[in-house]
Amino acid sequence: MELFEQLSAKIKGQDKTLVFPEGEDVRVQGAAIRLAADGLIKPILLGNQAEIKAVATNNGFDLAAVEVIDPAQYPKEQFETMVNALVERRNGKTDADTAAKWLTDVNYFGTMLVYMGQADGMVSGATHPTGDTVRPALQIIKTKPGSSRISGAFVMQKGDQRYIFADAAINIDIDAQTMAEIAIQSAQTAQVFGLDPKVAMLSFSSKGSAKAPQVDKVAEATKLAHEAAPDLAIDGELQFDAAIVESVAAAKAPESTVAGHANVFVFPDLQAGNIGYKIAQRLGGFEAIGPVLQGLAKPISDLSRGANEEDVYKVAIITAAQAL
Ligand SMILES: CC(C)(COP(=O)(O)OP(=O)(O)OC[C@H]1O[C@@H](n2cnc3c(N)ncnc32)[C@H](O)[C@@H]1OP(=O)(O)O)[C@@H](O)C(=O)NCCC(=O)NCCS
Ligand SMILES: CC(=O)OP(=O)(O)O
């Protein structure tokens, strides 16, 4: 069975509720209506009630199976409960006035619905940049036990080829310890997507072919990940060609069991990761699913603003599966 058929079969009938803060967006509405019609999730759209209706009418959508919440018309008592819960969660870092202001932003409002258990997960980012989409999750949902950082992976698919690219979304400039943690998180994500992880720690050097502090960082991250997860198939530092092409691996890293066969690619910083996934997507013809946020205590997913309706639909399926 194909990946999304498997995930859909898992979530069907589980009635997971997902909140979509960008309820006025036509791609989001289209996906939410399909997800509800397919019995996969119960969607909540956030936004201005009149605008949401206008978009639906203009596109011939029927919103009967979709709950709509207009934060501006949220009952006063429930809003106050939400403000108090946010202040308590922030534990002295955010006062009531700031919390009330934050909650006028749909991403904060949606994240609080998840935090308070009124939704099982959230999908946003079709119109908001990543920082604005994920910041509320970092501040409110926070990391799950065993994780100290949140990172973002893409599932890259073309035909029967499937790879994980990380971090391509969150951590801008990482140290060796963070890169090691991202590697281990990404291997776990690979397993969720049916891959037997073989992790390449990427660099512009293979096994000491270049000397630079940036290369040392990747070699150190590989060592730290080995120590933390001794059973994980991981190697570095490797150039991308050595990681993926058997003949190049034979020349550049002949001792490696990962080189030439890697399916999880961990990038040394966000410039490389974000550029890398978009090149594979736009020039290589790979479908980019994600970013799938790794290490969060509850499932919140970001979208690329370049996402289409199908991307929203698929990311929602992944998010609901994470909520099981
Ligand atoms: C994600 C991002 C917005 C966080 O930046 P920020 O809001 O300036 O973060 P701050 O350092 O102010 O931290 C805000 C909170 O988030 C937490 N946080 C930040 N990054 C985190 C991470 N990777 N994992 C876990 N928590 C994190 C901080 O601990 C802090 O929590 P606190 O308020 O309870 O103390 C920033 O790293 C970023 O812009 N990343 C790049 C996003 C992007 O543009 N990607 C490309 C497109 S996908
Ligand atoms: C993940 C990503 O790059 O998002 P955007 O295209 O919205 O910046």
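Residues numbered from 1 in each chain as written. Chains lettered and ligands numbered in written order. Predicted model: local features only at pLDDT ≥ 70, side-chain atom pairs only at ≥ 80, totals over all residues. Heavy atoms only, no water.

- The chain is annotated in an unreviewed UniProt entry as Phosphate acetyltransferase of Weissella muntiaci.
- Under the UniProt heading Sequence similarities (unreviewed entry), the note attached to the chain is "Belongs to the phosphate acetyltransferase and butyryltransferase family." (UniProt positions renumbered as here; feature names shortened; annotations may be inferred.)

## Focus on the overall build of the chain
Point 1. A count of helical and extended segments in the chain gives 13 helices and 11 strands.
Point 2. In terms of overall size, the chain behaves like a compact globule, its C-alpha atoms giving a radius of gyration of 21 Å where 324 residues would be expected to give roughly 20 Å.
Point 3. Dimensions of the chain, computed from the C-alpha atoms along their principal axes, are close to 65 × 45 × 30 Å.
Point 4. The buried share of the chain, reckoned over its 324 residues, is 55%.
Point 5. For the chain, the accessible area works out to roughly 14500 Å², and carbon and sulfur atoms hold 50% of it.
Point 6. One finds the centroid of the 29 positive side-chain charges in the chain at a distance of 1 Å from the centroid of its 40 negative side-chain charges. (Helix = DSSP H or I, 4+ residues; strand = E, 2+ residues; numbered from the N terminus. Rg over C-alpha atoms; globule rule 2.2 N^0.38 Å. Buried < 20%, exposed > 50% of the residue type's maximum accessible area, 1.4 Å probe, protein only. Areas by Shrake-Rupley, 256 points an atom, 1.4 Å probe, with all protein chains shown as cover. Lys, Arg positive; Asp, Glu negative; His and termini not counted. Charge placed at Lys NZ, Arg CZ, Asp CG, Glu CD.)

## Thoughts on the nonpolar core
In summary, soluble globular proteins display a tendency toward joint burial of nonpolar side chains.
Point 1. Judged by nonpolar contacts, the single largest core of 57 residues is most densely connected at Phe 20, Val 199 and Met 201.
Point 2. Excluding residues that lie within four positions of it along the chain, Phe 20 makes contacts with Val 28, Ala 32, Leu 35, Ile 41, Pro 43, Ile 44, Leu 45, Leu 46, Val 123, Val 312 and Ala 316.
Point 3. One finds Val 106, Met 112, Val 134 and Ile 300 within the second-largest nonpolar core, a separate group that totals 30 residues. (Core = buried A, V, L, I, M, F, W, Y, C linked by side-chain atoms within 4.5 Å. Contact = heavy atoms within 4.5 Å.)

## Some thoughts on helix H9 (residues 213-228)
Point 1. Counted at 1.5 Å a residue, the expected span for H9 with its 16 residues is 22 Å, and the 22 Å between its end C-alpha atoms agrees.
Point 2. Residues Val 215, Lys 217, Val 218, Ala 221, Thr 222, Leu 224 and Ala 225 constitute the buried set of H9.
Point 3. Tucked inside the fold, the buried residues of H9 contact helix H8 (176-192), strand S7 (198-202) and strand S8 (233-238). (Expected span 1.5 Å × (residues − 1).)

## Here we look at H8
Point 1. Taking 1.5 Å of rise per residue, 17 residues should cover 24 Å, and H8 covers 25 Å from first to last C-alpha, within 8% of that figure.
Point 2. The element H8 is largely enclosed, with a buried count of 12 among its 17 residues.
Point 3. Within the sequence span of H8, burial applies to Ala 176, Thr 178, Met 179, Ala 180, Glu 181, Ile 182, Ala 183, Gln 185, Ser 186, Ala 187, Thr 189 and Ala 190.
Point 4. Positive backbone phi, approximately 80°, marks Gly 194, located one or two places after H8.

## Thoughts on the side chain of Thr 17
Point 1. Mapped onto the elements of the fold, Thr 17 is located in strand S1 (residues 17-20).
Point 2. For Thr 17, a relative accessible area of 13% puts it in the buried group.

## Side note on the side chain of Lys 217
Point 1. Mapped onto the elements of the fold, Lys 217 is located in helix H9.
Point 2. Salt bridges are absent for the buried Lys 217, whose nearest opposite-charge side chain, Asp 173, sits at 4.6 Å.
Point 3. Non-local contacts of Lys 217, meaning those with residues more than four positions away in its chain, are made with Ile 174, Asp 175, Ala 176 and Pro 268. (Salt bridge = Lys/Arg side-chain N within 4 Å of Asp/Glu carboxyl O.)

## Regarding the site of ligand 2
Point 1. Close to ligand 2 lie Thr 130, Phe 154, Asn 274, Tyr 277, Lys 278, Pro 291, Ser 304 and Arg 305, which account for all nearby residues.
Point 2. Within the side chain of Asn 274, an N or O atom sits 3.0 Å from an oxygen atom of ligand 2.
Point 3. In this structure, Arg 305 approaches ligand 2 through a side-chain N or O atom, which is 2.8 Å from an oxygen atom.
Point 4. Protein contact buries 87% of the 260 Å² of open area that ligand 2 shows by itself.
Point 5. Looking at which element gives the most residues to the shell around ligand 2, the answer is helix H12 (residues 270-282), with 3 residues. (Near = heavy atom within 4 Å. Polar contact = N/O pair within 3.5 Å; in protein donor to acceptor, adjacent residues only side chain to side chain.)

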